[in-house]
Amino acid sequence: MRDKKEVGKIIAELRREKGLRQKDLSKILNMSPSNISNYESGAYWPDMNTICKMADYFNVTTDYLLGRTSYRCPPEILDQYAASDYAIHNIVNTLLYLDSGSLDAVIKYVNYLKTQNLQKTK
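This structure is a prediction, so every number in the text was calculated from the model and none was measured.

Colleague: It is not clear to me how the overall build of the chain should be interpreted in this structure. Could you clarify?
Modeller: Check the secondary structure of the chain and you find 7 helices and 0 strands. The N-to-C order of helical and strand elements in the chain reads α-α-α-α-α-α-α. At 19 Å, the chain has a C-alpha radius of gyration far larger than the 14 Å of a compact globule built from 122 residues. For the chain, the C-alpha atoms occupy an extent of roughly 50 × 35 × 25 Å along the three principal directions. Out of the 122 residues belonging to the chain, those deemed buried represent 25%. For the chain, the share of sequence-separated contacts (at least 6 apart) that also reach a separation of at least 24 residues comes to 43%. A total accessible area of about 8600 Å² is found for the chain, and carbon and sulfur atoms account for 53% of it. Averaging the locations of the 17 positively and 14 negatively charged side chains of the chain gives two centres separated by 9 Å.

Colleague: Sorry if this is basic, but what is going on with the packing of aromatic side chains here?
Modeller: Here the distance between the centres and the angle between the planes together describe a pair of aromatic rings. Tallied over the entire structure, the rule returns 3 aromatic pairs. Residue placement shows Lys18 over the ring face of Tyr57; its charged tip is 4.9 Å from the ring centre.

Colleague: Would you mind going over the environment of Ala12 with me for this structure?
Modeller: With respect to the element layout, Ala12 can be found in helix α1 (residues 4–17). Separated by 33 residues in the primary sequence, Ala12 and Trp45 have C-alpha atoms spaced 13 Å apart.

Colleague: Got a minute to help me understand helix α3 (residues 33–41) in this structure?
Modeller: Count 3.6 residues to each turn of an α-helix, and residues three or four apart come out pointing the same way. Within α3, the full set of buried residues consists of Ile36, Tyr39 and Glu40. Across the axial projection of α3, the buried residues extend over an arc of 95°, all falling on one side. Where α3 is buried, its residues meet α1, α2 (22–28) and α4 (48–58). With its phi angle positive at about 85°, Gly42 sits one or two positions after the end of α3.

Colleague: When you look at the pattern of salt bridges in this model, what are you seeing that I'm missing?
Modeller: Where charged atoms from two side chains of opposite charge approach closely, those side chains can pair. Going through the model one piece at a time under the given rule, you end up with 6 salt bridges. For Glu17, the salt bridge goes to Arg72, with nearest N and O atoms at 2.7 Å. In this pair, Glu17 sits in helix α1 while Arg72 sits in the loop between α5 (62–65) and α6 (88–96), placing the two residues 55 residues apart along the sequence. With a closest N to O distance of 3.3 Å, Lys108 and Asp104 form a salt bridge. Placement of both Lys108 and Asp104 in helix α7 (residues 100–121) is noted, with a separation of 4 residues, approximately one turn of the helix.

Colleague: What is the right way to look at the nonpolar core in this model?
Modeller: One finds Leu14, Ile36, Met54, Val60 and Leu65 to be the most contacted residues of the largest nonpolar core, which totals 18 residues. If you list the elements that add at least two residues to this core, you get α1, α3, α4 and α5. If we skip the residues at most four places from it in the chain, Leu14 touches Phe58, Val60, Tyr64, Leu65 and Arg72.

Colleague: Honestly, the side chain of Thr50 in this entry has me stumped. Any pointers?
Modeller: Within the secondary structure, Thr50 sits in helix α4. Judged by its relative accessible area of 6%, Thr50 is buried. With near-sequence residues (within four places) excluded, Thr50 lies in contact with Met31 and Tyr39.

What counts, and where the lines are drawn
Residues numbered from 1 in each chain as written. Predicted model: local features only at pLDDT ≥ 70, side-chain atom pairs only at ≥ 80, totals over all residues. Heavy atoms only, no water. Helix = DSSP H or I, 4+ residues; strand = E, 2+ residues; numbered from the N terminus. Rg over C-alpha atoms; globule rule 2.2 N^0.38 Å. Buried < 20%, exposed > 50% of the residue type's maximum accessible area, 1.4 Å probe, protein only. Contact = heavy atoms within 4.5 Å. Areas by Shrake-Rupley, 256 points an atom, 1.4 Å probe, with all protein chains shown as cover. Lys, Arg positive; Asp, Glu negative; His and termini not counted. Charge placed at Lys NZ, Arg CZ, Asp CG, Glu CD. Phe/Tyr/Trp six-rings, centres within 6.5 Å; stacked < 30°, edge-to-face > 60°. Lys NZ or Arg CZ within 6 Å of the ring centre and 35° of its normal. Arc of directions from axis to C-beta. Salt bridge = Lys/Arg side-chain N within 4 Å of Asp/Glu carboxyl O. Core = buried A, V, L, I, M, F, W, Y, C linked by side-chain atoms within 4.5 Å.

Structural measurements only, silent on function.
Encoded structure:
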């Protein structure tokens, strides 16, 4: 877990990405603007309930807010289907078992498919 200042930077970054002022976010989260300011400056930690509210509002994981991971994606995204029979979590689990050479080949192929799809839409 990161320190309070780094967690505050993450909160501030997410707030700015939404185009919100501290005052706006405080209304959304039903708290005083000084609380948001104190979180962002690293003066103190948000409580667990506030962390959960922020994660829900910004559509990120609590681990992302706390600096434990660089992945914003909430786990529910993994339940969505990428293909008719294959959920994203199945694809991720398959990729985890590949050696580095095979994983590199998959990434190259995915980039090739992406390029092909972009050319089709032009």
